[in-house]
There are 2 protein chains.
Amino acid sequence: MKNTYTECPILSQAECNKGMLAIDDALYAIGGKWKLRIILALRYGKKRFNELQRTVPGISARVLSNELKELELNGFVRRNVFPQSPVLVEYEATEYSRSLDEIIKALSDWGGQHKHKVKREMQKAVEMF
Amino acid sequence: MKNTYTECPILSQAECNKGMLAIDDALYAIGGKWKLRIILALRYGKKRFNELQRTVPGISARVLSNELKELELNGFVRRNVFPQSPVLVEYEATEYSRSLDEIIKALSDWGGQHKHKVKREMQKAVEMF
């Protein structure tokens, strides 16, 4: 079998293996179904737990609670407790979460284009039917 | 409770809800633990199944097989069958998979920075100990 390894097409050759590992690191920290959605929801404003759960459709309270703990540990989310009666707990996106803007922008741009492409293809399939 | 909804900080206000949905679309197509890793591995060159499995550490044959089917359906991966003996099956990244370059680049840049930050913080913690 001919096995041609092309040059790393996206990252420079020197940065190549490092880049592969960096993507692993990124996916480890913000990969999965929920983390980016939660961060994005909080970038629109501080929220209480229930409010946040409503903003991220489909997430269960248990999963949201776990995700918030991880996001707090990683410095993306701050949990503010206001000692009043009843106690008010609010979650907010940290300054550091803004470092994800480029990823969020790239995902959003691409998602829009991809949906367009899928729509066009479905249209074509319907016309050929 | 004071509930200040800030303006959408990353996307323009008009593009805001659309952007949220676009991110959902993107995560639906390429989210999860494996898809971007598989695409990236194939961007370095065509690979047979076993070879690809070795390049994506930790993935099981069953999961890889399912992910490849989905990636093929979504137009990111092409499965080439060469009728020889034994039959040769090779997977390759499509032209369309290049549309993900900006996302991959953003993830890789951010992952590198994030690892640096985590290292610095661990260093500080060690020094304070």
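As a reminder, the structure under discussion sits directly above these lines.
What counts, and at which threshold
- Residues numbered from 1 in each chain as written.
- Chains lettered and ligands numbered in written order.
- Predicted model: local features only at pLDDT ≥ 70, side-chain atom pairs only at ≥ 80, totals over all residues.
- Helix = DSSP H or I, 4+ residues; strand = E, 2+ residues; numbered from the N terminus.
- Expected span 1.5 Å × (residues − 1).
- Buried ≥ 20, exposed ≤ 12 C-beta atoms within 10 Å, placed from the backbone.
- Contact = placed C-beta atoms within 7 Å.
- Pairing = 2+ DSSP bridges.

K.L.:
Tell me what's going on with helix α5 (residues 101–128) of chain B, and back it up with residues and numbers.
P.N.:
Over its 28 residues, α5(B) extends 41 Å from the first C-alpha to the last, a length consistent with the 40 Å expected when each residue adds 1.5 Å. Here α5(B) has its buried residues at B:Ile103, B:Ile104, B:Ala106, B:Leu107, B:Ser108, B:Trp110, B:Gly111 and B:His114.

K.L.:
Outline unusual backbone geometry, supporting the account with residue identities and numerical values.
P.N.:
Between A:Ser85 and A:Pro86 the backbone carries a cis peptide bond, its omega angle lying at -5 degrees. If you trace the backbone, A:Pro86 turns up in the loop between β1 (77–82) and β2 (88–93).

K.L.:
Quick rundown of the environment of B:Ile104? Include the residues and the values.
P.N.:
Residue position: B:Ile104 is located in helix α5. C-alpha separation for the pair B:Ile104 and B:Lys69, spaced 35 residues apart in sequence, amounts to 21 Å.

K.L.:
I'd like a rundown of the environment of B:Trp110, residues and numbers included.
P.N.:
On the secondary structure map, B:Trp110 appears in helix α5. In this structure, B:Trp110 is in contact with A:Ala26, A:Ser99, A:Leu100, A:Glu102 and A:Ile103, ignoring residues within four places of it in sequence.

K.L.:
Requested: an account of helix α2 (residues 35–43) of chain A, with residues and values cited.
P.N.:
Residue and element names in this part refer to chain A. Counting buried residues along α2, eight of its nine residues qualify, which places the element largely inside the surrounding structure. For α2, every residue scored as buried is listed here: Lys35, Leu36, Arg37, Ile38, Ile39, Leu40, Ala41 and Leu42. Of the residues flanking the end of α2, it is glycine 45, one or two places downstream, whose phi is positive at about 145 degrees.

K.L.:
Pulling in residues and values, what's your account of the pairing of β2(A)?
P.N.:
Of the strand pairs in this sheet, β1(A) and β2(A) are connected by six bridges, and their pairing is antiparallel. If you follow A:Arg79 over to β2(A), its bridge partner there is A:Tyr91.

Without other data, these values stay purely geometric and don't point to any function.
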